[in-house]
Amino acid sequence: MKAKRLIFLATMSIATLCCSSCGTHQGELTKLEVTKQPNKLIYVVGETFDTRGMVVTGTYFNESTGSETTAKYNNYYYWCGDNNGKLRLSDTTVKITDVNDYNSKIYTTVSITVNRKDPGPAPDPGDYYTTITDDMNGNELKSALQSIIKKNIQVSYDWSRYEAADEDINNSSNITTIYARTSLKKNAHVSGGKGWNREHTFPQSKISSEQAKSDNHIVFASDSVVNGVRSNYRLAELSGSPNVTDSYGNITPCKSGSKSGETFFDPGDTIARGVVARATMYACVMYGFNPTYNFDSIKTMLSWHEEYPPEECDYHRNEAVFKKQKNRNPFVDHPEYAERIWG
């Protein structure tokens, strides 16, 4: 995790600190405690921790006198969120440590709640799915959906398609990369080892259909280095594996590592997990691919889809692709279809 603010009295040693208010020697720090909670404890995904209102107190032992004293402690960092400090659903505590020592045994925590961001209402697909009935499940539903989404499809591998589909919803001049979730200029096409290129979330080496290789519901904008690390490895949830660094030298949420003797890729604890799950589901319905060619299991695919349901970025992308390619991803419009097919 990346250290965030505050920094104060940063040159002081943790061992012998002075009271910031009176300047007197306090002794050795033995304890940190949050004596007043921050004003804000409930967040949504993507926000950053707010220290306003929080008071941290240090307890010091003076060896020469054998006594303990307490004083307000300003020389701290807080640690939480992803590599940009943005909070995730999995963040339930914020760790407070000395500014110079994350691994110190002397620390305290603040409990927080992180809720999903409200994506707002999903776009209305109109009568696109009118042939789907409530009693359809399994292969019957898959076949019915395929009949709908294969009509009039117009694929293209032009850069403009991806500039439109993956447009950063907060900055229309940029795109958001699929795995690293970084925002890059639309014209920052890969050059000199930096920038973004076009990533087949269902690996191209496992795709036999020429149409599928240019299908915008499968192909996304991706940082070029992260794209290379993903390679054609299957997707799985990884823990303890190293984080991937992107083409600009930034550490991403993504991981690549070995599990049970096989190398896997994990985009990390972000909406990217849900996006790649739904892209895989689309590929399996549209072209008859097997989910386990791209995931370690159908269970993982369904789990990511459920844990990271469609957000505003999914809605924007589905609409943008529909305008150009003339078909939709059913699992963005109707997330419940996934369970009815593979559950």
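The structure this text deals with has already been given above.
Keep in mind the model is a prediction, meaning the values are calculated, not measured.

Observations concerning the nonpolar core
Judged by nonpolar contacts, the single largest core of 46 residues is most densely connected at Ile-132, Leu-145, Ile-218, Tyr-287, Phe-289, Phe-331 and Trp-342. Counting residues per element, the ones that place at least two in this core are helix 1 (138-149), helix 4 (272-287), helix 5 (298-307) and helix 8 (336-342). Among the elements that take part in this core, helix 4 stands out by supplying eleven residues, more than any other. Contact partners of Tyr-287, with chain neighbours within four places excluded, come to Ile-153, Ser-209, Gln-211, Ala-212, Asp-215, Ile-218 and Tyr-282. With 19 residues, the next largest nonpolar core counts Val-34, Tyr-60, Tyr-76 and Val-94 among its residues.

Details of the packing of helix 4 against helix 5
It is at 8 Å that the axes of helix 4 and helix 5 come closest, and there the two elements cross at 125 degrees. Relative to helix 5, helix 4 is oriented oblique. Two packed elements cross with a definite hand, and for helix 4 against helix 5 that hand is left-handed. On the side of helix 4, the interface is formed by Arg-273, Gly-274, Val-276, Ala-277, Arg-278, Thr-280 and Met-281, while helix 5 contributes Met-301, Leu-302, Trp-304 and His-305. Of the residues in the contact of helix 4 with helix 5, the class split is six nonpolar, three polar and two charged.

With respect to the packing of aromatic side chains
Inspection of the entire model under this criterion finds 13 aromatic pairs. Consider the rings of Tyr-77 and Trp-79, whose centres lie 5.7 Å apart with planes at 90 degrees: the pair is edge-to-face. Judged by centre distance (4.8 Å) and plane angle (35 degrees), the ring pair of Phe-202 and Phe-289 falls under tilted. Of this pair, Phe-202 sits in the loop between strand 14 (196-200) and strand 15 (219-223) while Phe-289 sits in the loop between helix 4 and helix 5, placing them 87 residues apart in sequence. Using a relative accessible area of 0% as the deciding quantity, one classes Phe-202 as buried. Among the residues examined, Phe-289 registers a relative accessible area of 11% and is labelled buried.

What to know about the pattern of salt bridges
All chains considered together, the criterion is met by 14 salt bridges. In the salt-bridge network here, residues are joined through shared partners; they are Glu-237, Asp-266 and Arg-273.

Points about helix 5
What helix 5 keeps buried is the set Thr-300, Met-301, Leu-302, Trp-304 and His-305. As for helix 5, its buried residues are in contact with strand 16 (234-235), strand 19 (262-266), helix 4, helix 7 (330-333) and helix 8.

A short note on unusual backbone geometry
At Arg-181, a residue that is not glycine, the phi angle is positive and equals roughly 60 degrees. Relative to the elements of secondary structure, Arg-181 occurs in the loop between strand 12 (171-176) and strand 13 (183-185). Judged by its relative accessible area of 25%, Arg-181 falls in the partly exposed class. One non-glycine residue, Ser-260, adopts positive backbone phi at about 55 degrees. Along the polypeptide, Ser-260 turns up in the loop between strand 18 (251-259) and strand 19.

Quick word on the packing of helix 1 against helix 4
One way to put it is that helix 1 packs onto helix 4 with a least axis distance of 8 Å and a crossing angle of 85 degrees. With respect to helix 4, the element helix 1 is oriented roughly perpendicular. Contacts between helix 1 and helix 4 pair Lys-142, Leu-145, Gln-146 and Ile-149 from the former with Tyr-282, Val-285 and Met-286 from the latter.

Topic: the state of the cysteines
Across all of its chains, the model carries zero disulfides by this definition. Cys-80 carries a free sulfur, and the closest cysteine sulfur to it, the one in Cys-254, is 20 Å from it. On the basis of relative accessibility, which here comes to 0%, the residue Cys-80 falls in the buried class. Cysteine Cys-313 shares no disulfide, and the gap to the nearest cysteine sulfur, in Cys-254, comes to 14 Å.

Conventions and cut-offs
Residues numbered from 1 in each chain as written. Predicted model: local features only at pLDDT ≥ 70, side-chain atom pairs only at ≥ 80, totals over all residues. Heavy atoms only, no water. Core = buried A, V, L, I, M, F, W, Y, C linked by side-chain atoms within 4.5 Å. Buried < 20%, exposed > 50% of the residue type's maximum accessible area, 1.4 Å probe, protein only. Helix = DSSP H or I, 4+ residues; strand = E, 2+ residues; numbered from the N terminus. Contact = heavy atoms within 4.5 Å. Axes fitted to C-alpha atoms, helices over the stretch in contact; angles between N-to-C directions. Parallel < 35°, antiparallel > 145°, perpendicular 65-115°, else oblique. Left-handed = near helix turned anticlockwise from the far one by under 90°. Nonpolar A, V, L, I, M, F, W, Y, C, P; charged D, E, K, R; others polar. Phe/Tyr/Trp six-rings, centres within 6.5 Å; stacked < 30°, edge-to-face > 60°. Salt bridge = Lys/Arg side-chain N within 4 Å of Asp/Glu carboxyl O. Disulfide = S-S within 2.5 Å.

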